[in-house]
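Chain and residue survey
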Amino acid sequence: MFQRKPKVLLLGEAPGFRGMRITGVPFTNMAILQDGTNHFGLFGPGKGYTLPAGSPTIAPEPTATVMWRVLAELDFLPLLWSTYPLHPHLPDRCLSNRTPTTAEALAGQPFWLTLTRLFPITSVVAVGNVAYRSVLASGRSVPKVRHPAHGGKARFRLGLQELLEAGITTNPNARSAALRGHGMQGSPGNRHERLR
């Protein structure tokens, strides 16, 4: 990803038990890592990813599948990361997901903030409410799109498409238009702030 120089960070919620918990790669699952037909040529045999020995046979993470399908449809390759990069689960139930707590989301902030400095990121887009609250707590105002889980694919895709049409990847000043277009307010000092 470093060579591709993504300008947008899509910030999700947390690893799912059928996806990143196993793969270690945000918004992926075992099927995606093994499939050589990925639109962007990132995954498949010989791309540097291996699954842990003895990985369980488990259904693919649906959010990951939707994410990559929509990104391919829009021909848009952002940097992907999670608000909380560890797998939150119910007590004594590793094969479950739960929403990260506020404390966990705050603990994850240094990781995604570091990514905005390591890559030429000019815009962060929050994917869902957990990511949006984490970004607001960092003092930034960013657009939010619907999380693709639980039937949110169409609204997720529409939200990304509108941001792309507003120029989120090429024009840092388009961020304010995108914020207004999504009904989001930000303080004037933060609205135009570059994240580098």
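The coordinates are above.
Residues numbered from 1 in each chain as written. Predicted model: local features only at pLDDT ≥ 70, side-chain atom pairs only at ≥ 80, totals over all residues. Heavy atoms only, no water.

1. Observations concerning the packing of helix α3 (residues 62-74) against helix α6 (residues 153-165)
- The geometry of α3 relative to α6 is characterised by a closest axis approach of 10 Å and an angle of 35° between their N-to-C directions. The element α3 and its partner α6 pack so that their crossing is right-handed. Between α3 and α6, the residues in contact are Val66, Met67, Arg69, Val70, Leu71, Glu73 and Leu74 and Lys153, Phe156, Arg157, Leu160, Gln161 and Leu164, respectively.
- Taken together, the residues of the contact of α3 with α6 break down into eight nonpolar, one polar and four charged. (Axes fitted to C-alpha atoms, helices over the stretch in contact; angles between N-to-C directions. Helix = DSSP H or I, 4+ residues; strand = E, 2+ residues; numbered from the N terminus. Left-handed = near helix turned anticlockwise from the far one by under 90°. Contact = heavy atoms within 4.5 Å. Nonpolar A, V, L, I, M, F, W, Y, C, P; charged D, E, K, R; others polar.)

2. Here's the deal with the sheet that holds strand β4 (residues 144-145)
- Read from one edge to the other, the open sheet built from four strands follows the order β2-β1-β3-β4, with strand pairing classed as parallel. Edge positions in the sheet fall to β2 (79-82) and β4, since each of these pairs with one other strand and no more.
- Together, β1 (8-12), β2 and β3 (123-127) form the strand contacts of helix α4 (residues 102-118), whose direction differs from that of β2 by roughly 165°.
- Sheet strands in contact with helix α5 (residues 129-137) are β1, β3 and β4, and its direction is about 140° off that of β3. (Pairing = 2+ DSSP bridges.)

3. Side note on the pattern of salt bridges
- For the structure on display, the rule yields two salt bridges.
- Salt-bridge contacts for Lys153 lead to Glu73; the nearest nitrogen and oxygen are separated by 3.9 Å. Of this pair, Lys153 sits in helix α6 while Glu73 sits in helix α3; the two residues are 80 residues apart in sequence, bridging distant segments of the chain.
- A relative accessible area of 41% places Glu73 in the partly exposed class.
- One salt bridge in this structure joins Glu73 and Arg157, with 2.7 Å as the shortest N-O distance. Of the two residues, Glu73 sits in helix α3 while Arg157 sits in helix α6, which places them 84 residues apart along the sequence.
- For Arg157, a relative accessible area of 24% puts it in the partly exposed group.
- Overlapping salt bridges bring together Glu73, Lys153 and Arg157 as one network. (Salt bridge = Lys/Arg side-chain N within 4 Å of Asp/Glu carboxyl O. Buried < 20%, exposed > 50% of the residue type's maximum accessible area, 1.4 Å probe, protein only.)

4. Brief notes about the pairing of β3
- Burial of β3 is extensive: five of the five residues sit out of reach of the surface.
- Neither face of β3 is open: one carries Ser123, Val125 and Val127, the other Val124 and Ala126, and all of them are buried.
- Sheet topology note: the β3/β4 ladder contains two bridges and is parallel. Within β4, the position partnered with Val127 by the bridge is Val145.
- A crossover connection joins β3 to the parallel β4 through α5; in handedness this β-α-β unit is right-handed. (Right-handed = clockwise from strand over helix to strand, strands pointing away.)

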